[in-house]
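Chain residues, written in single-letter form:
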Amino acid sequence: MLLRIDHVGVACHNLEEKIEFYESVFGLTVVSREVNEEQGVREAMLHVADGDQGASYVQLLEPLHPDTAVGKFLAKRGEGVHHIGYGVADVTKALEEIGAKGVRLIDERPRHGSMGASIAFLHPKDVGGVLTELVETSRR
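Residues numbered from 1 in each chain as written. Predicted model: local features only at pLDDT ≥ 70, side-chain atom pairs only at ≥ 80, totals over all residues. Heavy atoms only, no water.

Under an unreviewed UniProt entry, the name given to the protein is Methylmalonyl-CoA epimerase /ethylmalonyl-CoA epimerase, and the organism recorded is Microbispora rosea. The UniProt entry for the protein carries this comment under Sequence similarities (unreviewed entry): "Belongs to the methylmalonyl-CoA epimerase family." (UniProt positions renumbered as here; feature names shortened; annotations may be inferred.)

The structure is reproduced here in structure tokens:
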């Protein structure tokens, strides 16, 4: 079901500073920048590598407001890994299969994600404390 690690989401206070860090230290390249009002973030996707099942990224997330999910995460835990995104072939089918196994779904159906992907989140309490995102990529 899981094809690859699509991305690691990293919460940060200052998107521009973190982009500079990942570019200068790791040699990553920004391939997409978006403002996602629904999720309350400014984000940047930085390309890490390509694989047989698709590319992998670091997703940097800066909250638009302190009361957003990422804003609350930063206030409670500080900067760091926010979630892991796994690539799937069909996010709707993956949600059905995972939900049938008793894992709580944050999203009952897919929603719009970065770079045109269809995404859905699983409840971290049912996935070992890890906020888990399922990602069905658009043809990137």
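Q: Explain the overall build of the protein to me, please; I cannot follow it from the model alone.
A: If you tally the helices and strands in the protein, you get 3 helices and 8 strands. In the protein, the order of α-helices and β-strands from amino to carboxyl end is β-α-β-β-β-α-β-α-β-β-β. The globule rule puts the C-alpha radius of gyration for 140 residues at 14 Å, and the 15 Å found for the protein is close to it. Viewed in the frame of its principal axes, the protein has a C-alpha envelope of about 40 × 35 × 25 Å. (Helix = DSSP H or I, 4+ residues; strand = E, 2+ residues; numbered from the N terminus. Rg over C-alpha atoms; globule rule 2.2 N^0.38 Å.)

Q: Is there a simple way to explain the pairing of strand S8 (residues 132-136) in this structure?
A: Look at any regular strand and the pattern is simple: side chains alternate between the two faces of the sheet. By the criterion of burial, S8 is predominantly enclosed, with 4 of the 5 residues buried. Note that strand S5 (residues 80-87) and S8 share 4 bridges and pair parallel. Bridge pairing in S8 places glycine 85 opposite glutamate 133. Pairing between strand S7 (residues 118-122) and S8: 5 bridges, direction antiparallel. Across the sheet, residue alanine 120 finds its bridge partner in S8, namely leucine 134. (Buried < 20%, exposed > 50% of the residue type's maximum accessible area, 1.4 Å probe, protein only. Pairing = 2+ DSSP bridges.)

Q: When you look at the layout of surface pockets in this model, what are you seeing that I'm missing?
A: Any empty space left between the atoms is revealed when a probe the size of a water molecule rolls over them. If you add up the space inside the largest pocket, you get close to 640 Å³. As for the largest pocket, its lining consists of 35 residues, and the residues nearest its centre are Ala69, Phe73, His82, His83 and Leu131. Among the secondary structure elements, those contributing two or more residues to the lining of the largest pocket are strand S1 (4-11), strand S3 (41-51), strand S4 (54-63), helix H2 (69-77), S5, S7 and S8. Tallied by class, residues from the lining of the largest pocket come to 16 nonpolar, 10 polar and 9 charged. (1 Å grid on protein atoms, 1.4 Å probe; cavity = no way out; pocket = protein on both sides within 12 Å on 5 of 7 lines; lining within 4 Å. Points joined across faces, edges and corners; volume = space filled by probe spheres on them. Nonpolar A, V, L, I, M, F, W, Y, C, P; charged D, E, K, R; others polar.)

Q: Help me understand helix H3 (residues 91-100), please; the structure alone is not making it clear to me.
A: Each α-helix winds once per 3.6 residues, and so residues spaced three or four apart point in a common direction. Looking at H3, one finds that the buried residues are Val91, Ala94, Leu95 and Ile98. The arc that holds the buried residues of H3, viewed along the axis, is 100°, so those residues lie on one side. The outward face of H3, more than 90 degrees from its buried face, is lined by the exposed residues Glu96 and Ala100. For H3, the secondary structure elements touched by its buried residues are S7 and S8. For H3, the N-terminal cap is aspartate 90; the gap from its side-chain oxygen to the backbone nitrogen of threonine 92 is 3.1 Å. Two residues or fewer past H3, glycine 102 is found with a positive phi of approximately 95°. (Arc of directions from axis to C-beta. Contact = heavy atoms within 4.5 Å. Polar contact = N/O pair within 3.5 Å; in protein donor to acceptor, adjacent residues only side chain to side chain.)

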